[in-house]
Amino acid sequence: MSRLSRRAFLRRVGTGLGMAAVAPSIVPDTVMGAGEVASPSERVTCAIMGCGNRGPRVMQHFLRQSDVQWLAACDCRQDRLDRARKQVNTHYKNEDCAGYLDFRDLFARPDLDAVLIATGARWHAVGSIYAARAGKDIYSEKPISLTLAEGRALVDTCDRLGTIYQAGYQRHSVDSFRFAVECAQQQRLGRLKEIICNFWECPPIKATPPIPVPDGFGYDMWLGTTPWHPFTWGRVNGWRYVWDTGGGMVDGMGCHWTDLAQWANQTEHTGPVKAEVLEVEWAPRESLCEVPVSCRVALTYADGVRCIMESKGKFEDRYIRFVGTDGWIQVDDATNLVTCRPQSLLKARGVSAKGWGDPGDHVRNFLEGVKTRRRTVCHPEAAHRTMSLCHLTNIALRLGRTLHWDPSKEEFAGDPEANTMRSRAIRPPWRI
C-alpha cells in the first residue's frame, strides 16, 4: 500500500466507514516554512511523544530530512512541551506546531503518519501499542519495553496491523558497529565464542521527600501504567533505577549491545537458553536505587556462544567486544575507535566519522520503511528479542540464581516464580 492509502484504510477499519467516506488529507507547501522540501504526496507527517532529553535530539535528525513534516509535540510536562514546540517552530520559521498534553488527542489526528516516542521506558511499549492501534507508524526510543509480556504484545500488535516500527538502537546503522558485526558473521574472527557487552555502573540515587505535584506536571500521565507513588524528584529524575519504571543500565544501555550481539550471532528471532549471575553488587539500603550498582551476567545460547552483560566502570569506558577462536574486535562507544587482533582486519574497513550519537541513517531507514512498507532494520520481532536479553539478565539478578529459558515458548523451564516476572500488573485505565 502507499502511505496515504494505508492511512485511509486504517481509519476506515477503526471507524467502520467505507473507503468512499475517507479522503486522505494533502497539506499545502506553505505550512513547511522556508527551505527545500518534498512534494506533499511524498512527505511523512510526524509528531513526538515525550519531549525530555533524548526526544528533541532525535527529533532534530528527523527535521533535517526534506521529506518530513513535523506537525506536533506531546508531553505531560508543560515546560518540556513548550521547548519542543519552539524547536519545531524555529526550524520551520512559523508557529504551526501543535501541542498536546495527552497522547490520545495527538494520535486521534487523521493527518499524522508517524510518531517518535521518547518518553521514559514505562511508556515505550504501551505508547507504541496505542499508536499502532491508531494507525500510526512508530520510531520508539529504547528500552522498548519494561517486561517480556509488553514486548511480545508490541510485536503481535504491529504484526496484526501492519505497522512499520523502528527501535532506536541506532548503533545498528553506524559504520563502526556494522563492521564489527560483519567480522563476526563472516568468521573473520574464527568461530564466534563470546560477546562482551560493557556498560557503566549505576550511580547512587538519593531518596527525596514527597512534595505536592508541581504546576504544569501531569504526574498521573507520567506514571502511566506503573504503580502510584507520592511525587518525589528523586523518583522522577531517577526513574531508570527503580524497578517500577526502569531496569538500570542493563536495559538502559545494555539493549544497544544486545542488539548487536543478536545480529552478530544471527539469532534475531530467538535468544539464549541460560542466564547465570557471575557477580552482583547492590546499592546501599538507604539509596533509592533498586537495581544493581554493578553486575556481570552470562547469557548462553544453544550453540555455546556466551553474551556477557557487564555493568562495570565509568560512562566513558563502555565498549562491545566480539571474541572468536582466531581473534577479536572491539568498538569503544565514546570514541568510535575500533581495535582488533589481528590488526589486519582493519584493512577491510571503510572509514566513517559517524559515531553512536548520530541516528541520521537509522531515522532514514525508518522513513523509507514508512514509504515503502518494507520492514526496518530494527523491526518489532528483532527489537523484542534484543530487549529479552536485558529482561532475562534483570530477572536472574533479582532472583539471584541461574535461569533456564526456552526462547521458542518464551518461558522459563520449570520455574513458576521466574515466569511470573515476565509480566506486571498494569494500572487502569491503561491496557496492552
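Look a little higher up for the structure.
Anyway, here's the lowdown on the structure attached to this text. What you see is a predicted model, and the numbers here were worked out from it, not measured in a lab.

Some thoughts on the sheet that holds strand β15 (residues 411–412)
And step 1. Ordered by their spatial adjacency, 9 strands build an open sheet running β13-β12-β11-β7-β10-β9-β8-β14-β15, and the pairing between neighbours is mixed. Looking at the sheet topology across the chains shown, the edges are occupied by β13 (337–341) and β15.
And step 2. The pairing of strand β12 (residues 327–332) with β13 spans 5 bridges and is classified as antiparallel. Among the inter-strand pairings, I329 is bridged to a residue of β13, identified as C340.

Side note on the pattern of salt bridges
Side-chain pairs of opposite charge can arise whenever the charged atoms involved come near each other.
And step 1. Scanning the model with the defined rule gives 25 salt bridges in all.
And step 2. Its salt-bridge partner being R54, residue E141 comes within 3.3 Å of it at the nearest N-O pair. Here R54 lies in helix α2 (residues 54–63) and E141 lies in the loop between β5 (137–140) and α6 (148–161), a separation of 87 residues in the sequence.
And step 3. Residue classification places E141 among the buried residues on the basis of a relative accessible area of 3%.
And step 4. With a relative accessible area of 23%, R54 lands in the partly exposed category.
And step 5. A salt bridge links D102 to R104; the shortest N-O distance between them is 2.7 Å.
And step 6. Look at D102 and you get buried, because its relative accessible area is 17%.
And step 7. The network of salt bridges with shared partners includes E42, D67, R364, E368 and K371.

Overview of helix α13 (residues 380–399)
And step 1. Here α13 is 20 residues long and its end C-alpha atoms lie 28 Å apart, about the 28 Å a rise of 1.5 Å per residue gives.
And step 2. Within α13, 19 of the 20 residues are buried, leaving the element largely enclosed by the surrounding structure.
And step 3. Phi turns positive, to about 70 degrees, at G400, one or two residues after α13.

Remarks on the pairing of β12
Within a regular beta strand, the side chains point alternately toward one face of the sheet and then the other, so they alternate between its two faces.
And step 1. In terms of burial, β12 is a largely internal element, 6 of the 6 residues being buried.
And step 2. What you see with β12 is no split at all: G327, I329 and V331 on one side and W328, Q330 and D332 on the other are buried throughout.
And step 3. Of the strand pairs in this sheet, strand β11 (residues 319–324) and β12 are connected by 6 bridges, and their pairing is antiparallel. Counterpart to I320 in the pairing with β12 is V331.

Here we look at the pairing of β5
And step 1. Here β5 shows a buried face lined by D137 and Y139 and a second buried face lined by I138 and S140.
And step 2. In this view, the connection linking strand β4 (residues 114–117) to its parallel neighbour β5 by way of helix α5 (residues 121–133) has right-handed handedness.
And step 3. Alignment of β5 against strand β6 (residues 165–167), held across 3 bridges, turns out to be parallel. Bridging from a neighbouring strand, S140 pairs with A167 of β6.

A look at the packing of aromatic side chains
And step 1. Applying the stated criterion across every chain, the model contains 19 aromatic pairs.
And step 2. Aromatic pair Y139 and F366: ring centres 5.8 Å apart, planes at 80 degrees, arrangement edge-to-face. Residue Y139 is located in strand β5, and its partner F366 is located in helix α12 (residues 360–372); the two are separated by 227 residues in the primary sequence.
And step 3. With relative accessibility at 0%, the residue Y139 sits in the buried group.
And step 4. Arranged with centres 5.1 Å apart and planes meeting at 85 degrees, the rings of F217 and F231 form a pair that is edge-to-face. Linking F217 in the loop between β7 (192–199) and α8 (219–223) with F231 in the loop between α8 and α9 (233–237), this pair joins segments that are 14 residues apart in sequence.
And step 5. Using a relative accessible area of 8% as the deciding quantity, one classes F217 as buried.
And step 6. These aromatic residues form a ring-pair network of at least three members: F103, F107, W123, Y130 and W430.
And step 7. Its guanidinium or amino end placed over the ring of W222, R122 lies 3.8 Å from that ring's centre, counting from NZ or CZ.
And step 8. In this arrangement the basic side chain of R171 is found over the ring face of W257, its NZ or CZ atom lying 5.7 Å from the centre.

Thresholds applied
Sequence order as written defines the numbering, with residues in each chain counted from 1. Owing to the predicted nature of the model, reporting of local features is limited to residues with pLDDT of at least 70; listing and counting of side-chain atom pairs is limited to 80 or more, with chain, interface and lining totals taken over all residues. To obtain the side-chain values, all non-hydrogen atoms of the structure were used and water was disregarded. We treat two strands as partners when DSSP finds at least two bridges between them. A run of H or I in DSSP counts as a helix once it spans at least four residues, and a run of E counts as a strand once it spans at least two, with each numbered from the N terminus. In what follows, salt bridge is the name for a side-chain nitrogen of Lys or Arg lying within 4 Å of a carboxyl oxygen of Asp or Glu. Think of it in three bands: residues with accessible area under 20% of the maximum for their type are buried, residues over 50% are exposed, and the middle band is partly exposed, with areas taken using a 1.4 Å probe on protein chains only. Here, expected helix span is obtained from the residue count minus one, scaled by 1.5 Å. When the strands point away from the viewer, a crossover counts as right-handed if the path from the first strand over the helix to the second runs clockwise. To pair, rings of Phe, Tyr and Trp, with the six-membered ring standing in for Trp, must have centres within 6.5 Å; the planes then decide the type, stacked if under 30 degrees apart, edge-to-face if over 60, and tilted in the middle. For a Lys NZ or an Arg CZ to count as sitting over a ring, it must be within 6 Å of the ring centre and within 35 degrees of the ring normal.

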